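Below, each chain spelled out in residue letters.
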Amino acid sequence: MQRIRLRYTKRGRLRFTSHRDFQRAFERALRRSEVPMAYSAGFTPHPKVSYANAAPTGTGSEAEFLEIALTEARDPAVLRDLLNRSLPDGLDITDAVEARTSGLADRLTASVWELRLDGVAVEDARKAVEAFLAAEAVEVQRRAKNGMRSFDARAAVVALEAHDPQPDRSQDTPCAILRLVVRHETPAVRPDDVLSGLRAVADLAPPVPAAVTRLAQGLFDEESGTVTDPLAPDREAAPADSIPADRAAVATATDGAVSA
C-alpha cells in the first residue's frame, strides 16, 4: 500500500464550503481520476483518506493537508495533475509527496493566518495589537455544544502584527492587514477568537467581517519563529535516484483521464 500526502487550497468563494462539502468533492475527483484507492473493511467501505486540522468554514486557506492510501503505486506529481482536472477551481492540489515518515498530524502544531480588516485604520489596528500582546491573558467566549465557553485567547498567540494593505489596493477606504501565528492547542484558538480578544482589550470592531486566510501550517520553529513545511521530512527521506514505482500504471492513468 502506498500513501500520498497532499497539500490543497480553499480560495475565493469556495472558502465558504464546509469540510464535508470538500470531502464529497474530493471523493468524486478520486473516482473520476480512477485513483486506485484503498478502502476500509466492514459493511460500508469508504476510501482511506485522512484529513488533518481542516480550516473553519468561511476561511480561505493555502495550506490544508490530507493523506490517501493507494493499492497501486502512482507518481505523486501525475496524481496531483489528475486530481486538479477533476476538482473545481479554488480547490487546488498544490503539492503531493509520497509518505516516507510517520506523524503528519503531529507536525501540524501551528498556523500562520492573514486577516484583512476593511474599514479599520492601520494605526488603530497597531494600537489594538499592542494592547493584546501586552496582556497576560485575554478572556474570550465562544459558543460550544454545551453552551458558552470562556478561555484565554492570548496564550496560544506566538506573533501578531498589523500591516498596511498591498500598494496596488484602492486607498478610498481604510484597511489593515493582521498577520497572526498561533499554536494549535486545546481549546483551539481561532482567528475569530483573536478578533474577539482585540475587541475586548482595545474596542477594535471591524465594520464588516474580516477576510481570513490560512497561509501556512506546520511545525513551529522556536529558534527562527517560523512555521515549517510539514511535507519537507518526506521529501528529505526520498532516495535521490527515486523513480515512479510503476511507470506503466502512471501512463495508463494519464491516458485514461485525457480520453475521458
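All figures in this text were calculated on a predicted structure; none of them were measured in a lab.

Asker: Looking at this structure, how should I read the overall build of the protein?
Answerer: Of the regular secondary structure elements, the protein holds six helices and 12 strands. C-alpha extents for the protein along the principal axes are approximately 60 × 40 × 35 Å. Classification of the 260 residues of the protein by burial places 41% in the buried group. Once local pairs closer than 6 in sequence are excluded, the contacts in the protein between residues at least 24 apart make up 76%. If you sum the accessible surface of the protein, you get close to 13,800 Å²; carbon and sulfur atoms cover 48% of it. Each charge sign in the protein was given a centre, from 34 positive and 39 negative side chains, and these centres are 6 Å apart.

Asker: When you look at the confidence of the model for the protein in this model, what are you seeing that I'm missing?
Answerer: Close reading of the predicted structure is inappropriate where its pLDDT is low. For the protein, per-residue confidence averages 90 on the pLDDT scale, and residues scoring 70 or more make up 90% of the total. Per-residue pLDDT stays below 50 along residues 243-260; that stretch engages in 17 contacts with residues further than four places along the chain or on separate chains.

Asker: Please explain the packing of aromatic side chains as it appears in this structure.
Answerer: Inspection of the entire model under this criterion finds three aromatic pairs. Measuring from ring centre to ring centre gives 4.1 Å for Tyr8 and Phe22, while their planes differ by 5°; the resulting arrangement is stacked. Residue Tyr8 is found in strand E1 (residues 2-10), and its partner Phe22 is found in helix H1 (residues 19-32); the two are separated by 14 residues along the sequence. Using a relative accessible area of 3% as the deciding quantity, one classes Tyr8 as buried.

Asker: It is not clear to me how unusual backbone geometry should be interpreted in this structure. Could you clarify?
Answerer: Excluding glycine, most residues fall at negative phi; most peptide bonds, likewise, are trans. With omega at 0°, the peptide bond leading from Thr186 into Pro187 counts as cis. Phi is positive for Glu34, close to 55°, though the residue is something other than glycine. Locating Glu34 in the fold gives a position in the loop between H1 and strand E2 (49-52). The class for Glu34 is exposed, based on a relative accessible area of 57%.

Asker: What's the story with the nonpolar core in this structure? I'm lost.
Answerer: A general trend in soluble globular proteins is that nonpolar side chains are found buried together. Counting 28 residues, the largest nonpolar core has Leu115, Leu160, Leu178, Leu180, Val194 and Leu198 as the members making the most contacts within it. At the level of secondary structure, the elements contributing two or more residues to this core comprise strand E5 (110-118), helix H3 (122-134), strand E8 (157-163), strand E9 (175-183) and helix H4 (191-202). Looking at which element gives the most residues to this core, the answer is H3, with five residues. Look past the residues within four positions of Val194 in its chain and what remains in contact with it is Phe132, Val157, Leu160, Leu180 and Val189.

Asker: Looking at this model, I keep getting lost on the packing of H3 against H4. Mind explaining?
Answerer: The relative placement of two packed helices comes down to the angle between their axes together with the axis-to-axis distance. At a minimum axis distance of 9 Å, the contact between H3 and H4 shows a crossing angle of 95°. If you check the angle between H3 and H4, you find them roughly perpendicular. Contacts between H3 and H4 involve Ala128, Val129, Ala131 and Phe132 from the first element and Val194, Gly197, Leu198, Val201 and Ala202 from the second. Of the residues belonging to the contact of H3 with H4, the class tally is eight nonpolar, one polar and no charged.

Asker: Would you mind showing me how to read the pattern of salt bridges here?
Answerer: Where side chains of opposite charge bring their charged atoms close, a pairing between them can arise. In total, this model carries 19 salt bridges according to the counting rule given. Across the pair Arg107 and Asp234 runs a salt bridge whose closest N-O atoms are separated by 3.2 Å. Of this pair, Arg107 sits in the loop between strand E4 (93-98) and E5 while Asp234 sits in helix H5 (residues 232-237), and the two are 127 residues apart along the sequence. The class for Arg107 is buried, based on a relative accessible area of 9%. When the shortest N-O distance is used, the salt bridge between Glu222 and Arg183 registers 2.8 Å. Taken together, the residues Glu222 in the loop between strand E11 (220-221) and strand E12 (226-227) and Arg183 in strand E9 connect sequence positions 39 residues apart.

Asker: What exactly am I supposed to notice about the environment of Asp118 here?
Answerer: Checked against the element boundaries, Asp118 lands in strand E5. A polar contact is formed between the side chain of Asp118 and the side chain of Arg116, at a distance of 3.1 Å.

Asker: What should I look at first to understand the side chain of Gln2 in this one?
Answerer: The topology assignment puts Gln2 in strand E1. Reaching out from Gln2, the side chain makes a polar contact with the backbone nitrogen of Arg74 at a distance of 2.7 Å. For Gln2, the residues in contact, after removing those within four places along its chain, are Ile68, Ala69, Leu70, Glu72, Ala73, Arg74 and Glu98.

Asker: What is the right way to read the environment of Pro56 from this model?
Answerer: One can find Pro56 in the loop between E2 and strand E3 (60-70). In this structure, the C-alpha to C-alpha distance between Pro56 and Phe16, residues 40 residues apart in sequence, is 8.9 Å.

Procedures and definitions
Residues numbered from 1 in each chain as written. Predicted model: local features only at pLDDT ≥ 70, side-chain atom pairs only at ≥ 80, totals over all residues. Heavy atoms only, no water. Helix = DSSP H or I, 4+ residues; strand = E, 2+ residues; numbered from the N terminus. Buried < 20%, exposed > 50% of the residue type's maximum accessible area, 1.4 Å probe, protein only. Contact = heavy atoms within 4.5 Å. Areas by Shrake-Rupley, 256 points an atom, 1.4 Å probe, with all protein chains shown as cover. Lys, Arg positive; Asp, Glu negative; His and termini not counted. Charge placed at Lys NZ, Arg CZ, Asp CG, Glu CD. pLDDT = per-residue confidence, 0-100. Phe/Tyr/Trp six-rings, centres within 6.5 Å; stacked < 30°, edge-to-face > 60°. Core = buried A, V, L, I, M, F, W, Y, C linked by side-chain atoms within 4.5 Å. Axes fitted to C-alpha atoms, helices over the stretch in contact; angles between N-to-C directions. Parallel < 35°, antiparallel > 145°, perpendicular 65-115°, else oblique. Nonpolar A, V, L, I, M, F, W, Y, C, P; charged D, E, K, R; others polar. Salt bridge = Lys/Arg side-chain N within 4 Å of Asp/Glu carboxyl O. Polar contact = N/O pair within 3.5 Å; in protein donor to acceptor, adjacent residues only side chain to side chain.

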